[in-house]
Structures are given as structure tokens and as C-alpha cells.
Amino acid sequence: MGKQTDRIEPEIRTFIENQKIFFVGTAMTTGIVNISPKGMDSLRVLGPNRVIWLNVTGSGNETATHIQESNRMTIMFCAFEGKPLILRLYGKAKSYHPRDIEWNEYIDLFPKYTGARQIFDLEVNIVQTSCGMAVPFMDYHSEREELNTWADKQGESGINKYWQNKNTVSFDGHPTGIFE
């Protein structure tokens, strides 16, 4: 049913690149565990042991906080159509902000999103598959545009103000590093 490997094989890469949603899990040594759904065109496989994903402005910024203390990250994909499969990528993550050199190296791999906030870079050391036979079939209709529409209305200065008001501290009261 399931197996583990130390790399993203071509068949798994194809599966990842065809997914419309993925889930990111992070945690500090204490406090909440965060699991966040991600969509849009925001993930790239860069090699057999590396993926990056673009994080856009949202109500919280837990992932950024968590990886500052504990850089463990899990990304999970589920097949909602076709052959059943659950796929998890385990590894160590780091983040790049618009102020970082790496940001400029990778940002052009993604569509332009006004709310772009961080790029997370995951060095994958375990790739695990499991059956997914209990995951329901679901039909994909389209992307939701509300977040992009909201961000475009805010503009760069409005997004910056939102970050100052909502994204500088995690739910547990830890700094997110967004303005360091």
C-alpha cells in the first residue's frame, strides 16, 4: 500500500505538479501545530529533493514563525480524482522574504501575486506514499479569486500595513520575522 523513499521520483513529481491543493504542517517545540491548505499556482518541484512554494498574505503567519525555531515541515497531497494516493514530503524548510537575495532568484517561477509574502524552500529527506482509499472523490471547478482581488485592492502599501497589523506575531505570540 504505502512506501517510503528518499527522493521525489518522476511519477511522484507528475502527481505533485497536477495537484490543485496541498497542505502544509509545521510546529514549534511548544504551542499549536499548524496545518494550512494551499492552492493557486504556488508550488514548484526543483529537483528530486527540493520543492519551493509561494506563500501569499493570509490571516496568520504561523508557518514563518514555526520554521524559525524548528525547521521541520511536512507537505501533504491527496488524490481527489483518479487512482487513490496520499503523498507526504518531509524535510527541513527555510523562508525567503522580498528582502532576501533568494527571493529574486525564485519569484519569477510563480505568477505575479500582489499578496506574495514568503517563499518556502523545503529540502525533502523522506517521501512517503499511502493508499488514500478513504479520501473521497471531489471535482475541481476553478480557483477562488477573492484573495487575489482583495490583495490587488490593498496594493503594496495596503498589504504592508496588513502585515504590520496581522502578520508580525503568531497566534502563540512569537515573532514571524516578516520585517526583520
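Structure's up top.
Along every chain, residues carry numbers that run from 1 in the direction the sequence is written. Whole-chain, interface and lining totals are the exception, using all residues; otherwise, since this is a predicted model, local features are given only for residues with pLDDT of at least 70 and side-chain atom pairs are given and counted only at 80 or more. Only hydrogens and water are removed before side-chain values are computed, so all heavy atoms of the structure are retained for them.

**Comments concerning the pairing of strand β8 (residues 116–130)**
Right, on to step 1. Two strands qualify as a pair provided that DSSP identifies no fewer than 2 bridges between them. Helical segments are the DSSP runs of H or I of at least four residues, strand segments are the runs of E of at least two, and each set is numbered from the N terminus. Inspection of the sheet shows strand β1 (residues 3–5) paired to β8 by three bridges, in the antiparallel sense. Its bridge partner being in β8, Gln4 is matched across the sheet by Gln128.
Right, on to step 2. Where strand β5 (residues 50–56) lies against β8, seven bridges are found, and the strand directions are antiparallel. Within β8, the position partnered with Arg50 by the bridge is Glu123.
Right, on to step 3. As defined by bridge partners, strand β7 (residues 86–96) adjoins β8 across eleven bridges and the pair is classed as antiparallel.

**Quick notes on helix α1 (residues 10–17)**
Structural remark: α-helix, 3.6 residues per turn; residues separated by three or four positions point the same way.
Right, on to step 1. Three exposure classes are used, based on accessible area relative to the maximum for each residue type with a 1.4 Å probe and protein chains only: buried under 20%, partly exposed in between, and exposed over 50%. When we look at burial in α1, the residues that qualify are Ile12, Phe15 and Ile16. Buried positions in α1, seen along its axis, are confined to an arc of 100° and lie on one side of it. Exposed residues pointing more than 90 degrees away from the buried face of α1 are listed as Pro10 and Glu11.
Right, on to step 2. Throughout, a contact is declared for two residues whenever any of their heavy atoms are within 4.5 Å. Those residues of α1 hidden inside the fold are in contact with β4 (43–47), β6 (72–78), β7 and β8. As used here, the arc is the angular range of directions from the helix axis to the C-beta atoms.

**Quick notes on the side chain of His97**
Right, on to step 1. Mapping His97 onto the fold places it in the loop between β7 and α3 (101–106).
Right, on to step 2. Setting aside its immediate chain neighbours within four residues, His97 contacts Trp103, Arg117, Gln118, Gly177 and Ile178.

**Quick look at the pattern of salt bridges**
Right, on to step 1. What counts as a salt bridge is simple: a side-chain nitrogen of Lys or Arg found within 4 Å of a carboxyl oxygen of Asp or Glu. What the rule picks out here adds up to four salt bridges.
Right, on to step 2. Here Asp121 makes a salt bridge to Arg50, at a shortest N to O gap of 2.7 Å. With a gap of 71 residues between them, Asp121 in strand β8 and Arg50 in strand β5 connect regions that are remote in the sequence.
Right, on to step 3. On the basis of relative accessibility, which here comes to 27%, the residue Arg50 falls in the partly exposed class.

**Focus on the nonpolar core**
Soluble globular proteins tend to pack their nonpolar side chains together in the buried interior.
Right, on to step 1. Residues enter a nonpolar core if they are buried and are Ala, Val, Leu, Ile, Met, Phe, Trp, Tyr or Cys, with the set joined through side-chain atoms within 4.5 Å. Counting residues in hydrophobic clusters, the biggest one holds 24 residues, and the most contacted among them are Ile8, Ile16, Met73, Ile75, Phe77 and Leu89.
Right, on to step 2. Those elements giving two or more residues to this core turn out to be α1, β2 (22–27), β4, β5, α2 (62–69), β6, β7 and β8.
Right, on to step 3. Once residues within four sequence positions are removed from consideration, Phe77 is found in contact with Phe15, Ile16, Gln19, Ile21, Phe22, Leu43, Leu85, Ile86, Leu87 and Leu89.

**Here's the deal with unusual backbone geometry**
Right, on to step 1. One non-glycine residue, Met40, lies in positive phi territory at about 60°.
Right, on to step 2. Relative to the helices and strands, Met40 resides in the loop between β3 (33–38) and β4.

On their own, these measurements won't tell you what the molecule is for.
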